[in-house]
Amino acid sequence: MPSLLDVGGFMLERVATGSPLSMVLVAAAFVLSLGYLLQLGFWSQPRPGQGKYPPYISSNIPFLGHAVAFGKNPIEFLENAYEKYGPVFSFTMVGKTFTYLLGSDAAALIFNSKNEDLNAEDVYSRLTTPVFGKGVAYDVPNPVFLEQKKMLKTGLNIAQFKQHVPVIEKETKEYFKSWGDSGERNLFEALSELIILTASHCLHGKEIRSLLNEKVAQLYADLDGGFTHAAWLLPGWLPLPSFRRRDRAHREIKNIFYKVIQKRRQSGEREDDMVQTLLDVTYKDGRPLTDDEIAGMLIGLLLAGQHTSSTTSAWLGFFLARDKSIQEQCYAEQKAVCGEDLRPLNYDQLKDLNLLDRCLKETLRLRPPIMTMMRMARTPQTVAGYTIPPGHQVCVSPTVNHRLKDSWIESLEFKPDRYLQDNPTAGEKFAYVPFGAGRHRCIGENFAYVQIKTIWSTLLRLYEFDLIDGYFPTINYTTMIHTPENPVIRYKKRSH
Ligand code: HEM
């Protein structure tokens, strides 16, 4: 029989993972009194000589602050605030004060800062450590994580990408066999399932891919269920079902990886894959990675690219379905670059698919999967004449930077050819940052391009896509990565 704590945890989770409003209500019920006390002492003024704080968007709702308005539509909230207060402003949500830095100039503060001053672990580790495990990523001091990123990057090279292209093409053809000749299907769901297969095959190697069955896919889904607002907002010790599923999945996936790693160590056989790269590599001081670190890095590698790439691929599909002329040009490009008979793709051809490249770039401008990058201010930070005090969560939003009217012409239009003209944002280093910048910059950009372009080349050859009754998905803001709402697409086999 479930304990009272279990039932409480279940109820709490249901609301915490539900609509923004219910999430907000439950948080209110639990912490209102605590929050109010916090709020009272919160907004102290800077001491003399410390400069002035950024404009603060006040709220009558203690503790929760602007959580409801932000949860409903964060982009609109931030754009309105930008109009009213300029590029730097602060507000409170669920007891935390956020300071946003909008536009390229203000964003520079985050990208150029030291991790000791604007810290990533302080904000991300409670979400990532239970999923990736201890000893990797945000669970270790940043210089160690930087070494780990470098190790992973050595396994993400052009020689590897050349092998990845046929693997991804084959997986895609195989997966989409079940779609038949025509129909209406959930594109996002399909691409999420496919990308676990392609990413595992390419990033983990064929040995781990061969172990991927429905049960393991479910484990990944449970692990992935750790990336929620609930996990970020609520204490980790709460007995929520999703926390338990996440922790169990973490243990089981690690056990699968340990077996592969140990077998490889014992047999002495060498493979040309990421597991081998991580077995061979050492830290600067000569220490090799432990099995636990390797397993954690393999999980991180897969999950860092999973949602980001599947969401981006789905949005790209809907942009192409909405603009049939661009879709047909992309199909014509396949023939122009790869030949009329459309033989299997290779990496060099992929590089020459310039229109598809621009479409992906434009998709990442309008729908960057990471809507906000965040750091904790550990020391006072000066920007645009303001002082941000320690304790603020300092944020940059690619989504907002990518559509600022000061930087982009016809900012909301999907216009892949805008990149053919002189770059309108040439003078603004951080106007386009879907992969971040600086010390925390993404290491997966090239792989993501290879993966998404290969999948879409294969799909464009197979099918013609249309919106259903003109419906272009709205944005689902309740998930951490903004996914398409009701992402069903119509497709019909091409006759060539
Ligand atoms: C469309 C696909 C992707 C997008 C849009 C994306 C976006 C990002 C962004 C915005 C950051 C910076 C986060 C921050 O500064 O807080 C980042 C970091 C990172 N990404 Fe990606 N990513 C993608 C795919 C991938 C893939 C495929 C991998 C792995 C193969 C990956 C691995 C990483 C890693 C290891 C970091 C470093 C985090 C840090 O140093 O703090 N990403 N990514």
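Residues numbered from 1 in each chain as written. Predicted model: local features only at pLDDT ≥ 70, side-chain atom pairs only at ≥ 80, totals over all residues. Heavy atoms only, no water.

The protein has the name Lanosterol 14-alpha demethylase in an unreviewed UniProt entry, where Chelonoidis abingdonii is given as its organism. Of the protein, the UniProt comment under Pathway (unreviewed entry) reads exactly: "Steroid biosynthesis; zymosterol biosynthesis; zymosterol from lanosterol: step 1/6." The record in UniProt for the protein states the following under Cofactor (unreviewed entry): "heme". (UniProt positions renumbered as here; feature names shortened; annotations may be inferred.)

Every one of the 25 residues lining the ligand counts as a neighbour, but Tyr124, Tyr138, Lys149, His440 and Cys442 are closest to it. Here an oxygen atom of the ligand and a side-chain polar atom of Arg375 are 2.7 Å apart. Take His440: an N or O atom from its side chain is 2.6 Å from an oxygen atom of the ligand. Those elements that provide at least two residues to the shell around the ligand are helix 7 (142–154), helix 15 (291–322), strand 6 (373–377) and helix 20 (445–462). The leading source of residues in the shell around the ligand is helix 15, at 6 residues. (Near = heavy atom within 4 Å. Polar contact = N/O pair within 3.5 Å; in protein donor to acceptor, adjacent residues only side chain to side chain. Helix = DSSP H or I, 4+ residues; strand = E, 2+ residues; numbered from the N terminus.)

One pass over the structure, following the stated rule, counts 28 aromatic pairs. With a centroid separation of 6.3 Å and an interplanar angle of 35°, the aromatic rings of Phe161 and Tyr347 are classed as tilted. You can see Phe161 sitting in helix 8 (residues 158–176) and its partner Tyr347 sitting in helix 17 (residues 347–352), a full 186 residues away along the chain. Summarising the burial analysis for this pair, Phe161 and Tyr347 share the class buried. A centroid spacing of 4.4 Å and a plane angle of 35° characterise the contact between Trp179 and Tyr491, whose relative ring orientation is tilted. (Phe/Tyr/Trp six-rings, centres within 6.5 Å; stacked < 30°, edge-to-face > 60°. Buried < 20%, exposed > 50% of the residue type's maximum accessible area, 1.4 Å probe, protein only.)

Attention shifts here to the side chain of Thr198. Along the chain, Thr198 falls in helix 9 (residues 187–204). Residue classification places Thr198 among the buried positions, given a relative accessible area of 0%. There is a polar contact of 2.9 Å between the side chain of Thr198 and the side chain of Gln451.

This part covers the sheet that holds strand 13 (residues 488–493). Paired through backbone hydrogen bonds, the strands of a sheet run either parallel or antiparallel to each other. Strands sit in the order 5-13-10 across an open sheet of 3 strands; the sheet is antiparallel. The sheet terminates laterally at strand 5 (182–186) and strand 10 (463–466), the two strands that pair on one side only. Neighbour-to-neighbour, the strand axes of this sheet turn through a mean angle of 30°, independent of strand direction. In terms of strand pairing, strand 5 meets strand 13 through 5 bridges, oriented antiparallel. By the bridge assignment, Ser182 is partnered in strand 13 with Lys492. (Pairing = 2+ DSSP bridges. Axes fitted to C-alpha atoms, helices over the stretch in contact; angles between N-to-C directions.)

On to the packing of helix 11 (residues 214–224) against helix 13 (residues 241–267). In contact at an axis separation of 8 Å, helix 11 and helix 13 are set at 130° when each is read in the N-to-C sense. Comparing the axis directions of helix 11 and helix 13 gives the class oblique. Every pair of crossing elements has a handedness; the one defined by helix 11 and helix 13 is left-handed. Between helix 11 and helix 13, the residues in contact are Lys215, Val216, Leu219, Tyr220, Asp222 and Leu223 and Arg245, Arg246, Arg248, Ala249, His250, Glu252, Ile253, Ile256 and Phe257, respectively. Residue composition of the contact of helix 11 with helix 13, grouped by class: 8 nonpolar, 1 polar and 6 charged. (Parallel < 35°, antiparallel > 145°, perpendicular 65-115°, else oblique. Left-handed = near helix turned anticlockwise from the far one by under 90°. Contact = heavy atoms within 4.5 Å. Nonpolar A, V, L, I, M, F, W, Y, C, P; charged D, E, K, R; others polar.)

Right, let's get into the UniProt feature "binding site: heme" (unreviewed entry) in the protein. Per the UniProt record, "binding site: heme" (unreviewed entry) is annotated on Cys442. Of note, Cys442 is situated in the loop between helix 19 (398–401) and helix 20. Given a relative accessible area of 34%, Cys442 falls into the partly exposed group.

Our focus in this paragraph is the environment of Gly86. Looking at the secondary structure, you find Gly86 in the loop between helix 4 (74–85) and strand 2 (88–93). Gly86 gets classed as buried once you look at its relative accessible area, which sits at 17%. Considering only alpha carbons, one finds Gly86 and Gly103, 17 residues apart in sequence, at a separation of 9.4 Å.

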